Amino acid sequence: MKEKKLWGGRFAEAPSSLMIRIGESISFDRELYSQDITGSISHSRMLKKIGILTAEEQKKIEDTLLLIKKEIQSGKFEFKIENEDIHMSIESRLTEILGDLGKKLHTARSRNDQVSQDVRLYLKEEISNILVLLYSLLQTWVEKAEKNIDVIIPGYTHLQIAQPIRASHYFLSHFWANVRDFEDFVSAKNRADELVLGSGALAGVNYQTDRAFLQKDLQLGRISENSMDAVSQRDHILKFLFASSQYYIHASRFCEEVILFSSQEFSYFRLPDSLTTGSSIMPQKKNPDVAELIRGKAGRVVGGLNHVLMMMKGTPSSYNRDFQEDKIPLFDAVKQVKLGIEGIREMVNGLEVFPNNAIRSLRSGFSTATDLADWLVFQKKIPFRTSHEIVGELVKVCSAKGWDLFTIPSGERGKINPVLTDPGYEEAIVLETSCDKKNVPGGTSKLQQKEQLKSAKRKLKDLEKMIQNNLTKGKKNV
Ligand code: ARG
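Predicted model, so just to flag it, every value in this text is computed and none were measured.

A. Up close: the overall build of the protein. Within the protein, the secondary structure is distributed over 19 helices and 6 strands. Taking 478 residues into account, the globule formula puts the C-alpha radius of gyration at 23 Å, and the protein, at 31 Å, lies well above it. With the C-alpha coordinates of the protein rotated into their principal frame, the extents come out at 100 × 50 × 40 Å. Among the 478 residues that make up the protein, the fraction classed as buried is 51%. Long-range pairs, those at least 24 residues apart, make up 76% of the contacts in the protein with a sequence separation of at least 6.

Structure (C-alpha cells):
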C-alpha cells in the first residue's frame, strides 16, 4: 500500500505516479531547508506563547528541528519524492521522530503562508551575501579607475571613435551602473522583509496567532496587511529578478567591451591567461571565455524574470499551485548573480590596459576633430557650422591620403583653409587637452576625474554602512 499523504484524509485513492512526478518540488526547494526550519522554530515558539504547545513540547520540537537540520547538512536526510516539498519532508521527519507531537506543529499555519515566508527569509539572506560581493566589485572599479586616470582611450558612440576620454572615466561609468544595481538589490531585500505567517491559506487563521512576536523573532521589518495579498503576491521575487537582470545587462555590456577591446584589431585590453582558454586546433588562440559566458548568462537570468512574470500573469487571487515554479528561476538567478559578480571582479582586477594602442586608434580615428572645430570658434571667431565644415574637409583629405590630424603637413592644411596653419593648431588637437577641456562636473577632465573618484569613495562609505546595518539587523533565531 502506498503511504498516506499528510493531507490525505479526504482521499480514497493515492495520487498517481504522474501526480507525484509533476507535483513534487523537493528536487529543488530543498534549497529552503534552513529557512523552513528557522520559520518553524519561530512558529513553535509562538504556539507556545498562545498556549497550543507546552514549554516542554516546544523544546522538543525546536531540538528535533535542529537535529533534522544537522541530518540535512550532513547528507544523512533521506529526501523522498512522496513527501512532495521541503515543508512536508521536514514535517514528516519531525513526526517520524516525535510521533503525535510532530503533528501539532502545523497548527495555525498553511503551506501557502509557510512557503512565502521561507522564500522571503531566503531572499533576505542571499541578497545580503550578494551585497557583500557587489561591494567588493565596486571597490575594484574604483581601484582600477584610480590607477588609470592618466591613460587616455577612445570614447565611442555608435561604436565609432568619438572623443578621447580618461580610462578612469570609462571604469567609473561601470562603477555607477553597479551602484544602481546595489541600491536595487537593497530595495528588493526591503520588499522581502515582511512577516506573512498568520495569513494561513488565504483568509487568516482560527487562532490568535501572535504576529508581532513572530515578526520580532524572525527579525522582519513589517507585518503584511492583507492575508490574501500576502499568499498571492511574488513582487519580492520579481524585484530581485529585475535587479539581477539589470546587473546582468550591465555586466554583459562590459563583457562585450572586453571581448572587443582585447581582440587583435583593438588590443587596448588584455585578460590574464587564467581567465581565458585556448583552442584544441588553433595554437595561437586565447579566447575570452569568462566574458562570453557572463554575456551568455545574461539571457538566462533575464529569461528567469520573464518566467516569473508570465507565470504570475492572469492567475486568480491568493495562492495558485503555479507559484511553486517560481523557485527554479529564483535559485538559479541567485547562483548566477554571485558567479557573475565574481567573474566581473576578477576580470576588472586582472585587466591590463595598453595605452599606446589606444593612442594609435585615437589618432587614426580623428578623435580630436571636434576640439579643432571648437578652437576655430574660440580663436578665430568662425561660426561653429563653418568650422565643422572646414574640419570635415580636413578629415576627408587626410582619409584620402592616409594622414591623420597630427601627420598632415601644414602646407596641405593651408590649401584647405589658411586658418589651419595657425600655430595654435597643434595644441588644439592634443588628446590630453581635449580631455581636460571637458571640465564640467561629471566630465572627463583630470580635475573632474579626481572629484568623481572622491564622490565614488563617499558612495562606497555610504554603501558600507548599509551592509553593516544589514548584518546586525538580519540575525535569525538559530
Ligand atoms: N510546494 C508548494 C510551493 O512551493 C508549497 C505550497 C503548497 N500549497 C498547496 N496548497 N498545495 O508553492
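Having seen the model, we can carry on.
B. The packing of aromatic side chains, seen in detail. This structure, assessed with the given rule, holds 18 aromatic pairs. Measuring from ring centre to ring centre gives 4.9 Å for Phe77 and Phe79, while their planes differ by 55°; the resulting arrangement is tilted. With a relative accessible area of 9%, Phe77 lands in the buried category. Ring centres 5.7 Å apart and planes at 80° place the aromatic pair Tyr247 and Tyr248 in the edge-to-face group. Of the two residues examined, Tyr247 and Tyr248, each falls in the buried class. Among the aromatic residues, those joined into a cluster by ring pairs are Trp141, Tyr156, Tyr170, Phe171, Phe254, Phe261, Phe266, Tyr268 and Phe269. In this structure, Arg10 packs its charged tip against the face of Phe11, placed 5.5 Å from the ring centre. Over the ring of Phe79 we find Arg30, and its NZ or CZ is 4.1 Å from the ring centre.

C. Structural context of the pairing of strand E2 (residues 160-166). Sheet topology places strand E1 (residues 152-157) next to E2; 6 bridges connect them, and they run antiparallel. Looking at the pairing, Gly155 lines up with Gln163 of E2. Here E1 folds back onto E2 in antiparallel fashion, the turn holding 2 residues, of which His158 has a positive phi close to 55°.

D. Just the UniProt feature "domain: Argininosuccinate lyase C-terminal" (unreviewed entry) in the protein, in detail. Under the UniProt annotation, "domain: Argininosuccinate lyase C-terminal" (unreviewed entry) lies at residues 366-434. Secondary structure over residues 366-434 splits into 67% helix and 0% strand, and the C-alpha atoms at its two ends are 12 Å apart.

E. Quick peek at the site of the ligand. As a matter of local geometry, the ligand sits amid Ser25, Asp85, His87, Arg111, Asn112, Val115, Tyr319, Gln324 and Lys327. At a separation of 2.7 Å, an oxygen atom of the ligand approaches a polar side-chain atom of Lys327. Considering the ligand on its own, with 340 Å² of exposed area, one finds that the protein chains cover 85% of that surface. Sorting elements by how many residues they give to the shell around the ligand places helix H6 (residues 111-147) first, with 3 residues.

F. Structural context of the pattern of salt bridges. With the rule as written, the count across this model stands at 36 salt bridges. Arg120 is the salt-bridge partner of Glu194, the closest N and O atoms lying 3.9 Å from each other. Taken together, the residues span a long stretch of sequence, with Glu194 in strand E3 (residues 194-195) and Arg120 in helix H6 at a distance of 74 residues. The partner of Asp371 in a salt bridge is Lys438, and the shortest N-O contact between them spans 3.3 Å. Residue Asp371 is found in helix H14 (residues 369-380), and its partner Lys438 is found in the loop between helix H18 (431-436) and helix H19 (446-473); the two are separated by 67 residues along the sequence. You can call Lys438 partly exposed: its relative accessible area is 22%. A single salt-bridge network, built from bridges that share partners, covers Lys5, Glu84, Asp85, Arg111 and Arg321.

G. How the structure looks around the side chain of Asn148. Inspection of the secondary structure puts Asn148 in the loop between H6 and E1. By relative accessible area, which is 9% here, Asn148 ends up buried. For Asn148, the side chain forms a polar contact with the main-chain oxygen of Lys144, separated by 2.9 Å. Ignoring sequence-local partners within four residues, the contact set of Asn148 consists of Ala167, Ser168, Phe171 and Val353.

H. Structural detail: the environment of Asp85. In this fold, Asp85 is placed in the loop between helix H4 (55-73) and helix H5 (86-98). Residue Asp85 is classed as buried on the basis of its relative accessible area, which comes to 4%. Separated by 239 residues in the primary sequence, Asp85 and Gln324 place their C-alpha atoms 9.6 Å from one another. Those residues in contact with Asp85 that sit more than four places away from it in its chain are Ser25, Ile26, Asp29 and Arg111.

I. Examining the packing of H14 against helix H15 (residues 384-401) more closely. Close contact between H14 and H15 brings their axes to 9 Å; oriented N to C, the two are set at 135°. With respect to H15, the axis of H14 lies oblique. For H14 against H15, the interelement crossing comes out right-handed. Counted together, Ala369, Leu372, Ala373, Asp374, Leu376 and Val377 of H14 and Phe384, Ser387, His388, Ile390, Val391, Leu394 and Val395 of H15 form the full contact between these two elements. For the contact of H14 with H15, a count of residues per class yields 10 nonpolar, 2 polar and 1 charged.

J. View of unusual backbone geometry. For Leu159, which is not glycine, the phi dihedral falls at a positive 60°. Of note, Gln219 is a non-glycine position whose phi angle comes to about 55°, a positive value. Position of Gln219 among the secondary structure elements: in the loop between helix H8 (211-217) and strand E4 (222-223). By relative accessible area, which is 34% here, Gln219 ends up partly exposed.

K. Helix H10 (residues 235-261), seen in detail. If you check H10, its first and last C-alpha atoms are 39 Å apart, about what 27 residues at 1.5 Å a residue would give, namely 39 Å. Of all 27 residues in H10, 19 are buried, a share of seventy percent or more.

L. Seen up close, the packing of H10 against helix H12 (residues 327-350). Two numbers describe how H10 lies on H12: the axes approach to 10 Å, and their chain directions differ by 30°. Here H10 lies roughly parallel to H12, going by the angle between them. Both H10 and H12 take part in a crossing whose hand is left-handed. Of H12, the residues touching H10 (which contributes Ile237, Phe240, Leu241, Ser244, Tyr247, Tyr248, Ala251, Phe254, Cys255 and Val258) are Pro329, Leu330, Ala333, Val334, Gln336, Val337, Gly340, Ile341, Ile344, Met347 and Val348. Across the contact of H10 with H12, the residue classes tally to 18 nonpolar, 3 polar and no charged.

The rules behind each value
- Think of each chain on its own: its residues are numbered from 1, step by step along the sequence as written.
- With pLDDT at 70 or above as the cut-off, local features in this predicted model cover only qualifying residues; side-chain atom pairs require 80 or more to be listed or tallied, and sums for whole chains, interfaces and linings still use all residues.
- Excluding hydrogens and water, the side-chain values take into account all heavy atoms of the structure.
- Helix and strand assignments follow DSSP, with helices taken as H or I runs no shorter than four residues and strands as E runs no shorter than two, numbered in order from the N terminus.
- Atoms considered for the radius of gyration are the C-alpha atoms alone. The globule rule reads 2.2 Å times the number of residues to the power 0.38.
- Burial classes follow relative accessibility: with a 1.4 Å probe on protein chains only, a residue under 20% of its type's maximum area counts as buried, one over 50% as exposed, and anything between as partly exposed.
- Every residue pair with non-hydrogen atoms within 4.5 Å of one another is taken to be in contact.
- Aromatic rings from Phe, Tyr and Trp, with only the six-membered ring used for Trp, were paired whenever their centres fell within 6.5 Å, and each pair was classed as stacked if the ring planes differed by under 30 degrees, edge-to-face if by over 60, and tilted otherwise.
- Definition used: whenever NZ (Lys) or CZ (Arg) falls within 6 Å of the ring centre and also within 35 degrees of the ring normal, the charge is taken to sit over that ring.
- Between any two strands, pairing holds if DSSP finds at least two bridges.
- UniProt positions are given in the numbering used here, feature names are shortened, and annotations may be inferred rather than shown by experiment.
- A molecule or strand has a residue near it when one of that residue's heavy atoms lies within 4 Å.
- Polar contacts, as used here, are pairs of N or O atoms within 3.5 Å; protein pairs need one atom able to donate a hydrogen and one able to accept it. Residues neighboring in sequence count only if both atoms are side-chain atoms.
- Under the convention used here, a 1.4 Å probe and the Shrake-Rupley method define accessible areas, while residue burial counts only the protein chains that appear.
- Salt bridge, as used here, is a side-chain nitrogen of Lys or Arg placed within 4 Å of a carboxyl oxygen of Asp or Glu.
- For helices, the fitted line uses only the C-alpha atoms of the stretch in contact; every axis is such a line through C-alpha atoms, and the angle between N-to-C directions lies from 0 to 180 degrees.
- Any angle that falls under 35 degrees is termed roughly parallel, while one over 145 is termed roughly antiparallel, one within 65 to 115 roughly perpendicular, and all others oblique.
- Put simply, a crossing is left-handed when the front helix is turned counterclockwise from the back one by less than a right angle, and right-handed when it is turned clockwise.
- Residue polarity follows a fixed list, in which Ala, Val, Leu, Ile, Met, Phe, Trp, Tyr, Cys and Pro are nonpolar, Asp, Glu, Lys and Arg are charged, and the others, Gly among them, are polar.
- To estimate how far a helix should reach, multiply one less than its number of residues by 1.5 Å.

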